[in-house]
Amino acid sequence: MSTTGFALEQLTAGYPSRPVLQGVTLPGVPAGTLVAVVGPNAVGKSTLLKAVAGLRPAQGRVWLEGTDLATLAPRERLYRVGYLPQALPQSTSLMAYETWQSALRASRNEWSTAQREAAIESVVATLGLQALALRRLDELSGGQRQMVGLAQVIVRAPRLLLLDEPTSALDLRWQLQVLQAVRALVRQQGAIGLVAVHDLNLALRFCQHVLVLGGGNVLAAGDPAEVLTPALLQRAYGVRARVERCSEGYLLVLADAALPQ
Ligand SMILES: Nc1ncnc2c1ncn2[C@@H]1O[C@H](COP(=O)(O)OP(=O)(O)OP(=O)(O)O)[C@@H](O)[C@H]1O
């Protein structure tokens, strides 16, 4: 399997004595697509993102723009792939701006100083982070630190963004602002984004593709509006749920009851 976009072929990953993902396959997702990775707690969403990032040993293939990522040298993989972990960035006395500079020094050292500053200004404007740039990380709230961490990933302009619950600490406004910005960036740059999220309404609203994990493999994948049906939600999460179109025209998941296990 080879593709101009992104694909997974028989990806198997886990931990010693705990296999988590067994042969996950996701056929070609076109460039410019934001993919929601969803599924219940402990199903392996973070493990999948770490394996794709090259941070967990894995078998199988991860295709990006026709290249099997495992064949790349670590530095080249770092250039192409940006990973935002689920845990918030470490609190340090560095200013947000300095953390963005150091992210660029680590992964874009071929860029001139002017290019790096332009990239930082662009991400600050896109995410609306003007008020945070000169603040120290150890003085920021959890949500503010999450936005600084996201900017560290985006500023490098990776071809593949792996974002593990990037909105978990954000209020309603910032959830929308961040996912709107990520969707627009992925589209404009012809990149690929994989976003692990619990909020299926965000997946329905912002993602063009959804990968539903269950039992170590893919339960369903495709257009979120077609995949996230009440039957699938019952199977994946053990809930009785409705999917209804709101007055603004968006599909919304309404979970009515947890079913007995
Ligand atoms: N470092 C580790 N060592 C051993 N097992 C681990 C480790 N990290 C995660 N696991 C296990 O791997 C499985 C998948 O975990 P993972 O974090 O990928 O799930 P997840 O779908 O992201 O969950 P959540 O929605 O709760 O964040 C879980 O059973 C978890 O306990």
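Residues numbered from 1 in each chain as written. Predicted model: local features only at pLDDT ≥ 70, side-chain atom pairs only at ≥ 80, totals over all residues.

**Here we look at the sheet that holds strand β4 (residues 58-64)**
Item 1. Strand order in the open sheet formed by four strands is β2-β1-β4-β5, with antiparallel pairing between adjacent strands. Unpaired on one side and paired on the other, β2 (18-29) and β5 (67-68) mark the two borders of the sheet.
Item 2. Pairing of strand β1 (residues 6-15) with β2, which is carried by six bridges, proceeds in the antiparallel orientation. Each bridged residue has a counterpart across the sheet, and for alanine 13 the counterpart in β2 is leucine 21. (Pairing = 2+ DSSP bridges. Helix = DSSP H or I, 4+ residues; strand = E, 2+ residues; numbered from the N terminus.)

**Focus: the domain arrangement of the chain**
Item 1. Each domain of the chain was delimited in the assignment, giving domain 1 (6-228) and domain 2 (229-261).
Item 2. Here domain 1 and domain 2 have C-alpha centroids that lie 26 Å from each other.
Item 3. Between domain 1 and domain 2, the contact holds 13 residues from the first and eleven residues from the second.
Item 4. Those elements giving two or more residues to the side of domain 1 that touches domain 2 turn out to be α7 (200-206), β9 (209-214), β10 (217-222) and α8 (224-227).
Item 5. If you tally residues by element for the side of domain 1 that touches domain 2, the top one is α7, at four residues.
Item 6. Here the residues of the side of domain 1 that touches domain 2 are counted per class, giving nine nonpolar, three polar and one charged. (Domains from an automatic or database assignment. Contact = placed C-beta atoms within 7 Å. Nonpolar A, V, L, I, M, F, W, Y, C, P; charged D, E, K, R; others polar.)

**A short note on the sheet that holds strand β6 (residues 81-84)**
Item 1. Here we have six strands laid out as an open sheet, ordered β6-β7-β8-β3-β9-β10, and mixed in their pairing. The open sheet has two free edges, formed respectively by β6 and β10, since each of these has just one partner strand. The mean angle between the axes of side-by-side strands here comes to 15 degrees, regardless of whether they run parallel or antiparallel.
Item 2. Sheet topology places strand β3 (residues 33-38) next to β9; four bridges connect them, and they run parallel. The residue bridging alanine 36 from the neighbouring strand is valine 210, located in β9.
Item 3. Packed on one face of the sheet, helix α5 (residues 142-154) meets β6 and β7 (160-164) and runs near 170 degrees to β6. (Axes fitted to C-alpha atoms, helices over the stretch in contact; angles between N-to-C directions.)

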